[in-house]
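Take a look at the letters that make up each chain.
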Amino acid sequence: VMKLNPQQAPLYGDSVITVQLTEDDKVEDDVVFYLVFTGSTVQHCTSTRKINPGSLETISPGHDCCETVKVALCASREGHPVLVVAEESFQFVQDEAYDAAQFLATCAGNQQALNFTRFLDRSRPPAADVDFLDEKVALAFRHLKLPAEWNVLGADQSLTENIPRETLMHFAVRLGLLRLTWFLLQQPGGRGALSIHNNEGATPVSLALERGYQKLHQLLTEEGAREPDSWSTLSHTVHSGDYSVKHHRGLDVYLLTAEA
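Note that the coordinates shown come from a computational prediction; the quantities given were computed from them, not determined experimentally.

Criteria and thresholds
Residues numbered from 1 in each chain as written. Predicted model: local features only at pLDDT ≥ 70, side-chain atom pairs only at ≥ 80, totals over all residues. Heavy atoms only, no water. Pairing = 2+ DSSP bridges. Helix = DSSP H or I, 4+ residues; strand = E, 2+ residues; numbered from the N terminus. Axes fitted to C-alpha atoms, helices over the stretch in contact; angles between N-to-C directions. Buried < 20%, exposed > 50% of the residue type's maximum accessible area, 1.4 Å probe, protein only. Domains from an automatic or database assignment. Buried area = accessible area lost by both parts, 1.4 Å probe. Salt bridge = Lys/Arg side-chain N within 4 Å of Asp/Glu carboxyl O. Polar contact = N/O pair within 3.5 Å; in protein donor to acceptor, adjacent residues only side chain to side chain. Nonpolar A, V, L, I, M, F, W, Y, C, P; charged D, E, K, R; others polar. Parallel < 35°, antiparallel > 145°, perpendicular 65-115°, else oblique. Contact = heavy atoms within 4.5 Å.

(A) Molecular detail of the sheet that holds strand β12 (residues 253-259). On the basis of which strands lie adjacent, the open sheet formed by eight strands has the order β2-β9-β8-β4-β5-β12-β11-β10 and mixed pairing. Two strands bound the open sheet, and with one partner strand each, they are β2 (8-10) and β10 (235-240). For this sheet the average axis-to-axis angle between neighbouring strands, irrespective of direction, equals 25 degrees. Relative to strand β9 (residues 83-93), strand β8 (residues 67-76) runs antiparallel, the two sharing nine bridges. The partner of E67 across the bridge, within β9, is F92.

Written out as structure tokens, the structure is:
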């Protein structure tokens, strides 16, 4: 038996999972452990790193749907067959950050919805929560399968209209969400949103300045601005056909995902 902690992860993955081994499985240094997650349509294999003789650490993969999957702990040793040491179930769930990313993605051109998000400004969460929110929502947004025609300004908004309006960029800047702002900048319409005035005549750039968000202002105005440090910059993904391999530099863990 092994214990997974936690026993669930958000759909977009990238959270730490600890694996507690039982007495019998605390083994010599030459054994390599990895986890195999088997879902209904995709399978993931993750490497692990040893924290101590009784526990391992890995990164949860991003999954394609909410479901309970089977996780097998496999042990491999040179010259020996691969053994399945233990099995456990694990759940992929849609969390609040995923809901938020989905909501924001669908209301890109919706003025009512965007004006509604402004009330968050009056009850602004503490800085640590903003940082956590920023990280999670940006990870979730990356994981969404946005339609090809998706645009930061909404589908039917031509960028030439000089109509004052709220944009997703105003939302991200107003709350000081560095990573989400960076993500939106890379999307179609992201740069165009920077010069759009809202009903008070504020652009995302002027908002950042007015709020004293220096890092954010640099991100929006400097030529060579780089992606802000975050959990997502720690991982690098390579796609090839039905496979993708992700390297999480923070824990030095590899994740292989394949269509089952």
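(B) Representation of the environment of G190. With respect to the helices, strands and loops of the structure, G190 is situated in the loop between α5 (178-186) and α6 (204-210). Accessibility expressed as a relative area gives 0% for G190, which makes it buried. Considering only alpha carbons, one finds G190 and S47, 143 residues apart in sequence, at a separation of 36 Å.

(C) A look at the domain arrangement of the chain. Per the domain assignment, the segments making up the chain are domain 1 (3-94 + 234-259) and domain 2 (96-227). The C-alpha centroid of domain 2 is placed 33 Å from the C-alpha centroid of domain 1. Summed over both partners, the interface of domain 1 with domain 2 comes to about 730 Å²; 61% of that surface belongs to carbon and sulfur atoms. It is Y12, D14 and Q94 that lose the most area in domain 1 upon contact with domain 2, and together they represent 79% of the buried surface on that side. Connecting domain 1 to domain 2 are zero salt bridges. Summed over the shared surface of domain 1 and domain 2, the number is four residue pairs in polar contact (both at pLDDT 80 or more). Looking at the side of domain 1 that touches domain 2 residue by residue, the classes come out as two nonpolar, three polar and one charged.

(D) The arrangement of the packing of α5 against helix α7 (residues 214-221) in detail. Across the interface, α5 lies against α7 with an axial gap of 10 Å and an inter-helix angle of 10 degrees. By the angle between their directions, the pair α5 and α7 is classed as roughly parallel. On α7, the residues touching L178, T181, W182 and L185 of α5 are K215, L216, L219 and L220. Grouping the amino acids of the contact of α5 with α7 by side-chain chemistry returns six nonpolar, one polar and one charged.

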